[in-house]
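Chain residues, written in single-letter form:
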Amino acid sequence: MSSSARRIVAPVFGIIVFGLCWEVFVRIFDIRRFVLLPPSAIISEFADSPSFYWENALTTGRHMMIGLSIALVLAIGAGAVMASSRFIEEAAQPVLVLILVTPWVAYITSVVLWLDGGDPSIIFMVSFTSFPVFTFGVVGGMKSADPAARELLASVDARPWEVLWRLRLPSALPSIFTTARFAMGLGLAAAYFSEGSALTTAGLGAIGRRAVSFNNAEVLWTTIVSAALLGIAGLTVISIAERYLLKWHASQRS
Amino acid sequence: MSARIELRGVSKTFGVTEALAPITFDVAEGEIVTLLGPSGCGKTTLLRLVAGLAEPTAGEISIGGDTPQQARRHKHIGFVPQSPALLPWRTVEANAELLLDINRRASPASPTTSVAELLDEVGLGDFRSAYPHELSGGMQQRVGLVRAFALDAQLLLMDEPFAALDEMTRTDMRHILSRLCEQLGTTVIFVTHSIAEAVFLSDRVAVMSARPGRLVEDKTIPLRHPRLPELEDTDDFFHLTTSLRASLRNGMNR
């Protein structure tokens, strides 16, 4: 089998085996439907109303992408400042750690009240939870820029924005892509949970929350699997962008 | 284009460590001067002071009448660091143009020699679209030379640029550098540990003592130009290297 064929066949094989084990496990142990639904029931539920799940997945995807994009842009700005000043970096670190470790599910109600629910509160939660992860990645990456190249740029009096654009930001790209994978997981969780709490009717999280209220295991588990597929799609986009933008990097060379 | 360099009582202290004792020293226009001395004697520190990348503790430096900071601002200094410091995401040609892209207002309107011509001159004409990881160490350092010469700078400062290369490549590199310097008539301050390199390239060799670095000998190299590779097999070359080795040994013992 060629390596390109193997890259497709192996994951598909893994997923099929996992799905079969899951199905057998649920049936053998007769697990309650709300605790764990068999994959066949989830596929059946999805096949009954694909457009319903597709549209809500798009809504969740939009929340996630907008939130992550905002977090990334803010992290690049904050990271650039932190990477250029040890004092600012040390002052900002405890704040970022605080945001990172504080359980966001505990204060989500306050955010919903503050922003009147809806899209703003969902996007805020996605951005707020992923911002520290992105910032740590950006700072680490920017600080890894080759000191000899920094000195070289200084020898022709490069402006700070030139150093950022020509050296620090490209140097940070590998680290940004690595942290983007973690941020994607965090952002998806934040989007799903926030939709369920933000007095909104659209999004996988919102229909998942309603399904819990109405004891509807089929809808709940189909939103969970849809969210997982959304995450896989997001990670695929990151991998494709990484392959294109980091073709110069050792990690992308065989 | 070249410049006269004047150092008057230049010294440098780091905390309580005296790195450089006061040094008074001139480099004439178009002259190639090598700083030769044991490790840690302050050669690189002296070069960084002339490049305006560090401030002297005392004394003054003039580059064609400008301070090092003014010369840096006007891009009158071409700096070649010890490592090639190529940006891995830029092609050979883009790397060679890097310093022209920075602080563009100070770039030469019509350089004496274009980047394409310089790349041809150093044998990299066929590698313009290659990335640094596709080049050998010697080829990478040749790109570093082109990047510095492309600036059309009055002064080239070279900090052991061939230190990491094997002996054969290193010999080739000094022949290439000598040819470029002959053609363009640039003033050069070159730092090296290699006595053969110093003799082959220089009009003068300044021998420095161990820390705190001071000039212990300023030796004129009376070899004719142009200097061709065969020169290294002559008696004159052998006598000069022997004499410089003795000076270096004396410098280490002072």
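Data block above holds the structure.
As the structure is a prediction and not an experimental result, all values here were calculated from the model. (Residues numbered from 1 in each chain as written. Chains lettered and ligands numbered in written order. Predicted model: local features only at pLDDT ≥ 70, side-chain atom pairs only at ≥ 80, totals over all residues. Heavy atoms only, no water.)

*Asks:* Before we go on, may I ask you to explain helix α9 (residues 204-213) of chain A in this structure?
*Replies:* Each α-helix winds once per 3.6 residues, and so residues spaced three or four apart point in a common direction. Residues and elements named next belong to chain A. Within the span of α9, buried status applies to Leu204, Gly205, Ala206, Ile207, Gly208 and Ala211. Of the surrounding secondary structure, the elements contacted by the buried residues of α9 are α3 (50-84), α8 (160-197) and α10 (217-245). Positioned one or two residues after α9, Asn215 has a phi angle of 55°, which is positive. (Buried < 20%, exposed > 50% of the residue type's maximum accessible area, 1.4 Å probe, protein only. Helix = DSSP H or I, 4+ residues; strand = E, 2+ residues; numbered from the N terminus. Contact = heavy atoms within 4.5 Å.)

*Asks:* How do you make sense of the interface of chain A and chain B when you look at a structure like this?
*Replies:* By a widely used convention, the size of an interface equals the accessible area lost when the partners come together. Contact with chain A, which involves 19 residues of that partner, is made by 23 residues of chain B. Interface area for chain A against chain B, summed over the two sides, is near 2,000 Å², with a carbon-plus-sulfur share of 66%. For the chain A face of the interface with chain B, the top three residues by lost area are Leu152(A), Val156(A) and Arg166(A), together amounting to 32%. There are one salt bridge connecting chain A and chain B. We note a salt bridge from Glu151(A) to Arg48(B), for which the minimum N-O separation is 2.5 Å. At the junction of chain A and chain B, the tally comes to four residue pairs in polar contact (both at pLDDT 80 or more). Contributions of two or more residues to the side of chain A that touches chain B are made by α7 (147-154) and α8 of chain A. If one sorts the elements of the side of chain A that touches chain B by residue count, α7(A) sits on top with six residues. Of the residues assigned to the side of chain A that touches chain B, the class counts are 10 nonpolar, two polar and seven charged. (Buried area = accessible area lost by both parts, 1.4 Å probe. Salt bridge = Lys/Arg side-chain N within 4 Å of Asp/Glu carboxyl O. Polar contact = N/O pair within 3.5 Å; in protein donor to acceptor, adjacent residues only side chain to side chain. Nonpolar A, V, L, I, M, F, W, Y, C, P; charged D, E, K, R; others polar.)

*Asks:* Can you walk me through the side chain of Arg168(A) in this structure?
*Replies:* Residue and element names in this part refer to chain A. Looking at where Arg168 falls in the secondary structure, it is placed in helix α8. One buried charged residue, Arg168, remains without a salt bridge, the closest side chain of opposite sign being Glu89 at 9.0 Å. Apart from residues no more than four positions distant in its own chain, Arg168 is found in contact with Ala83, Met142, Lys143, Arg150 and Val163. (Lys, Arg positive; Asp, Glu negative; His and termini not counted.)

*Asks:* Even after reading the chapter, I still don't get the packing of helix α5 (residues 104-115) of chain A against α8(A), so can you show me in this structure?
*Replies:* Helix packing geometry: the angle between the two helix axes and the distance between the axes. Residues and elements named next belong to chain A. Contact geometry for α5 and α8: axes closest at 10 Å, N-to-C directions at 50°. In this view, α5 runs oblique relative to α8, as classed from their interaxial angle. Crossing angle aside, the handedness with which α5 passes α8 is right-handed. Of α8, the residues touching α5 (which contributes Trp104, Val105, Ile108 and Val112) are Ala189, Ala190, Phe193, Ser194 and Ser197. Class assignment of the residues belonging to the contact of α5 with α8 gives a composition of seven nonpolar, two polar and no charged. (Axes fitted to C-alpha atoms, helices over the stretch in contact; angles between N-to-C directions. Parallel < 35°, antiparallel > 145°, perpendicular 65-115°, else oblique. Left-handed = near helix turned anticlockwise from the far one by under 90°.)

*Asks:* Honestly, the packing of aromatic side chains in this entry has me stumped. Any pointers?
*Replies:* Enumeration over the complete set of coordinates arrives at 11 aromatic pairs over all chains. Taken together, the ring pairs connect Tyr107(A), Trp114(A), Phe124(A) and Phe128(A) into an aromatic cluster. (Phe/Tyr/Trp six-rings, centres within 6.5 Å; stacked < 30°, edge-to-face > 60°.)

*Asks:* Could you clarify how one ought to interpret the side chain of Ser62(B) in this entry?
*Replies:* Residues and elements named next belong to chain B. Along the chain, the position of Ser62 falls in strand β4 (residues 58-63). By relative accessible area, which is 18% here, Ser62 ends up buried. Within polar-contact distance, the side chain of Ser62 engages the backbone nitrogen of Gly65 at 3.2 Å. Once you skip the residues sitting within four places of it in the chain, Ser62 turns out to touch Arg4, Ile5 and Glu6.

*Asks:* When you look at the pairing of strand β8 (residues 204-208) of chain B in this model, what are you seeing that I'm missing?
*Replies:* Residues and elements named next belong to chain B. For β8, a buried count of five out of five residues is recorded, marking the element as mostly surrounded by other parts of the structure. Where burial is concerned, the two faces of β8 agree: the one with Arg204, Ala206 and Met208 and the one with Val205 and Val207 are both buried. Where strand β3 (residues 32-36) meets β8, four bridges bridge the pair, whose relative direction is parallel. For Thr34, the partnering residue across the bridge sits in β8 and is Val205. Bridging between β8 and strand β9 (residues 215-220) involves five bridges; their strand directions are antiparallel. Across the sheet, the residue bridging to Val205 is Lys219, located in β9. Here β8 folds back onto β9 in antiparallel fashion, the turn holding six residues. (Pairing = 2+ DSSP bridges.)

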